[in-house]
Amino acid sequence: MSAVYDHLVTTLTGKFEIPADTVRPEASYDDLGLDSLAVVELFLTLQEEWAVPLDDSEATGTLTVGETVDLVEKLKTGA
């Protein structure tokens, strides 16, 4: 996949101790066992690391890994 996806997987497995084999583009944060506070923390981490203005209101458990990658990539390119 993309560098953003790879980095997101690294963040989820390292910081949040999510098993790498469970992280898939279609997996939601609920599926991965992250509660709402953890998803907001993930968004804050991604904002700092990628210097993108992620909207915390979008940080929900139903958001998927793939949707997060798309969101970050769109913000990075200014699209």
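Quick caveat, the model's predicted, so the values are computed rather than measured.

So, about the overall build of the chain. A count of helices and strands for the chain gives three helices and zero strands. Here the C-alpha atoms of the chain give a radius of gyration of 11 Å, agreeing with the 12 Å that 2.2 N^0.38 yields for 79 residues. Taking contacts inside the chain between residues at least 6 apart in sequence as the whole, the part at least 24 apart equals 55%. Accessible area for the chain stands at about 4,400 Å²; split by element, carbon and sulfur atoms hold 53% of it. Computed over 4 positive and 16 negative side-chain charges, the separation of the two mean positions in the chain equals 5 Å.

Within the structure shown, the criterion is met by two salt bridges. Residues E41 and K15 are paired through a salt bridge, measuring 3.6 Å at the closest nitrogen-oxygen approach. Remark: K15 occurs in the loop between α1 (3-14) and α2 (36-50) and E41 occurs in helix α2; sequence separation between them is 26 residues. K15 sits in the partly exposed class, given a relative accessible area of 44%. Across the pair E26 and R24 runs a salt bridge whose closest N-O atoms are separated by 2.9 Å. Looking at R24, the relative accessible area reads 36%, which means it is partly exposed.

Of note, D6 is situated in helix α1. Residue D6 is classed as partly exposed on the basis of its relative accessible area, which comes to 44%.

With 99% of its residues at a pLDDT of 70 or more, the chain shows a mean pLDDT of 93. Here helix α3 (residues 65-77) stands out as the least confident element of the chain, with mean pLDDT 93; α1 is the most confident, with 96.

A separate point is the environment of A27. For A27, the position within the fold is in the loop between α1 and α2. Sequence spacing of A27 and E58 is 31 residues, and the spatial spacing of their C-alpha atoms is 16 Å. Sequence-distant contacts of A27, defined by excluding residues within four places in its chain, comprise T22, L32, L63, T64 and V65.

Moving on, we come to the environment of Y5. Within the secondary structure, Y5 sits in helix α1. Through-space distance from the C-alpha of Y5 to that of W50 is 12 Å; in sequence the pair is 45 residues apart. In this structure, Y5 is in contact with V23, R24, P25, V65 and V69, ignoring residues within four places of it in sequence.

The rules behind these values
- Residues numbered from 1 in each chain as written.
- Predicted model: local features only at pLDDT ≥ 70, side-chain atom pairs only at ≥ 80, totals over all residues.
- Heavy atoms only, no water.
- Helix = DSSP H or I, 4+ residues; strand = E, 2+ residues; numbered from the N terminus.
- Rg over C-alpha atoms; globule rule 2.2 N^0.38 Å.
- Contact = heavy atoms within 4.5 Å.
- Areas by Shrake-Rupley, 256 points an atom, 1.4 Å probe, with all protein chains shown as cover.
- Lys, Arg positive; Asp, Glu negative; His and termini not counted.
- Charge placed at Lys NZ, Arg CZ, Asp CG, Glu CD.
- Salt bridge = Lys/Arg side-chain N within 4 Å of Asp/Glu carboxyl O.
- Buried < 20%, exposed > 50% of the residue type's maximum accessible area, 1.4 Å probe, protein only.
- pLDDT = per-residue confidence, 0-100.

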